[in-house]
Each structure stands twice: as C-alpha cells, then as structure tokens.
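Given next are the chains, with one letter for each unit.
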Amino acid sequence: MDFDHHYAVAVDWQGDRGTGTSGYREYGREHLVTASGKPAIDGSADPAFRGDPARWNPEEMLVAALAQCHMLSYLHVAVTHGVVVTGYSDAAVGTMRQTHDGGGHVTGVTLRPRVEVADASMIELASSLHHEASVKCFIAASVNFPVAHEPETRARS
C-alpha cells in the first residue's frame, strides 16, 4: 500500500535593498525558510553567487538532507538487523557543476558515515547495511545523481 506525505515550507526573500532587482549586484540573496512549528532557517545563495556565507545555501541543504535521510534509514535498518548503533556522524560532501549558460547541476554527493556499534562482532553486518539504508532513503531515491558511500565502522571502546 502506498501513502502520500505532504510537506509545506515557506520561503520569504529578505534581500530588497531599496531598489529590488534593478541589477544583479543590487539585491541580496538572503531569505528565510520556515515551516509550521519549527525554527526558521536563514538561507542565501552560495557565496560564489553573491550569497551570504553565514547562511545556509540550497546546495548545502540538499547535501544535509541526503546525509540526514541516510542516517535515519541506516538507524532503522540497524534495528531490524539487531545491530546496536551507539554513535553516528557524517562528513558529507557534494559537487555542483556550473554550466557556461549560468545554470548548473549537482553531479554527486559522497556520504562518509562514521558508525560506532556496541560490539566488535557487529562490525561486518553493520558495514553491509549502508546499501539497504540507501535503497530505503526517500531523498536518495528522488535525486538524479549518484550518492556514494564511504562508511567506517568501529566498535565502542
């Protein structure tokens, strides 16, 4: 049985410096991303596109969404296989290629999950579960570029 889930967010531009979009350098890329009942996210463009480096840009949020989704899928898969995860972190990276016409596209994301399990006997199984987690990740299933995995697994010391 399939189920639809719906997500609503609002994006409000904050970059009018008094002259609107009268020129490429005349407006700010600052915006606010909100959803009901959640803290606001300060967004902007990548600094390469005149954005504020102190704010999240869409490309970073896409990489973060993939890393979060994989982690949540992985933790679920670990439970179903009896693997006790005691720690998890990821240092994910993504690449966007800008095209000559001013457009561009993400060419790939690499997730680098560092997983800690309760016992050394779980390391091999825990390492193998990243593929299943990737298949179950809603975000990874929705993108048209490769999402690679470079996991490390160790036992809690």
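Everything here concerns the structure above.
Only a predicted model underlies this, so the values are computations on that prediction, with no experimental measurement involved.

1. Comments concerning the pattern of salt bridges
As enumerated under the stated definition, the model contains 4 salt bridges in all. Among the ionic pairs, E152 bridges to R114, the shortest N-O distance being 3.7 Å. Taken together, the residues span a long stretch of sequence, with E152 in strand β9 (residues 152-155) and R114 in strand β7 (residues 113-117) at a distance of 38 residues. Taking relative accessible area as the criterion, E152 reaches 49% and is therefore assigned partly exposed.

2. Remarks on the sheet that holds strand β8 (residues 147-149)
Overall, mixed pairing links the 3 strands, which are arranged β5-β6-β8 in an open sheet. Because the sheet does not close on itself, it has two edges, and the strands there are β5 (93-98) and β8. Averaged over all pairs of adjacent strands, the angle between their axes in this sheet comes to 20°, without regard to strand direction. The pairing of strand β6 (residues 104-111) with β8 spans 3 bridges and is classified as parallel. Within β8, the position partnered with T110 by the bridge is A148. Against the sheet, helix α1 (residues 58-80) touches β5, β6 and β8, its axis set at about 35° to β6.

3. Overview of α1
Residues lying three or four places apart along an α-helix face the same way, a consequence of the helix completing one turn every 3.6 residues. In a regular helix each residue adds 1.5 Å, so 23 residues correspond to 33 Å; α1 covers 33 Å between its end C-alpha atoms and thus fits that length. Among the structural elements, β4 (85-90), β5, β6, β7, α2 (123-136) and β8 are those in contact with the buried residues of α1. Its side-chain oxygen at 3.0 Å from the backbone nitrogen of E59, N57 defines the N-terminal cap of α1.

4. Re the environment of T34
Residue placement: T34 occurs in strand β2 (residues 31-34). Considered as a pair, T34 and A133 are 99 residues apart in the sequence and their alpha carbons are 28 Å apart. Those residues in contact with T34, other than ones at most four positions away along the chain, are V9, A10 and A40.

5. Description of the packing of aromatic side chains
Counted by the stated rule, this structure contains 3 aromatic pairs. On the numbers, 6.5 Å between centres and 90° between planes, the contact of Y24 with Y27 is edge-to-face. With relative accessibility at 47%, the residue Y24 sits in the partly exposed group. Both rings, one in Y74 and one in Y88, keep their centres 5.8 Å apart while their planes meet at 45°; by these two values the pair is tilted. Highlighted residues: Y74 in helix α1 and Y88 in strand β4, separated in sequence by 14 residues. By the burial criterion, Y74 is buried, and Y88 matches it. Taken together, the ring pairs connect W13, Y24 and Y27 into an aromatic cluster.

6. What to know about the sheet that holds strand β3 (residues 41-43)
Strand order in the open sheet formed by 3 strands is β1-β2-β3, and the pairing between neighbours is antiparallel. Across the chains shown, the open sheet's two edge strands, defined by having one partner strand only, are β1 (10-13) and β3. On average, each strand axis in the sheet is tilted by 25° relative to the strand beside it, whichever way the strands run. Direction of pairing for β1 relative to β2: antiparallel, over a ladder of 4 bridges. Residue A10 lies in a different strand from β2, and its bridge partner there is T34.

Cut-offs applied
- Sequence order as written defines residue numbering, which begins from 1 separately in each chain.
- It should be noted that, the model being predicted, local features are given only for residues of pLDDT at least 70 and side-chain atom pairs only at 80 or more, the latter also being counted only at that level, while totals for whole chains, interfaces and linings use all residues.
- Values shown for side chains rest on all heavy atoms present in the structure; no hydrogens or waters enter the calculation.
- Salt bridges are identified by distance alone: a Lys or Arg side-chain nitrogen within 4 Å of an Asp or Glu carboxyl oxygen.
- Under the DSSP-based scheme used, a helix requires at least four consecutive residues in state H or I and a strand at least two consecutive residues in state E, with every element numbered from the N terminus.
- Residue exposure (1.4 Å probe, protein chains only): buried if accessible area is under 20% of the type maximum, exposed if over 50%, otherwise partly exposed.
- Criterion used throughout: strands pair if DSSP finds at least two bridges between them.
- Fitted lines through C-alpha atoms give the axes, limited to the stretch in contact for helices. The angle between two N-to-C directions lies from 0 to 180 degrees.
- Contact between two residues is taken to exist if any of their heavy atoms lie within 4.5 Å; hydrogens are not considered.
- By definition here, a helix of n residues has an expected span of 1.5 Å times n minus one.
- In protein, a polar contact requires one atom able to donate a hydrogen and another able to accept it; more generally it is a pair of N or O atoms within 3.5 Å, and residues adjacent in sequence count only if both atoms are side-chain atoms.
- Here is the rule: rings of Phe, Tyr and Trp (six-membered ring for Trp) pair when centre to centre is within 6.5 Å. Planes less than 30 degrees apart are stacked, more than 60 are edge-to-face, and the remainder are tilted.

By themselves, these figures tell us nothing about what the structure is for.
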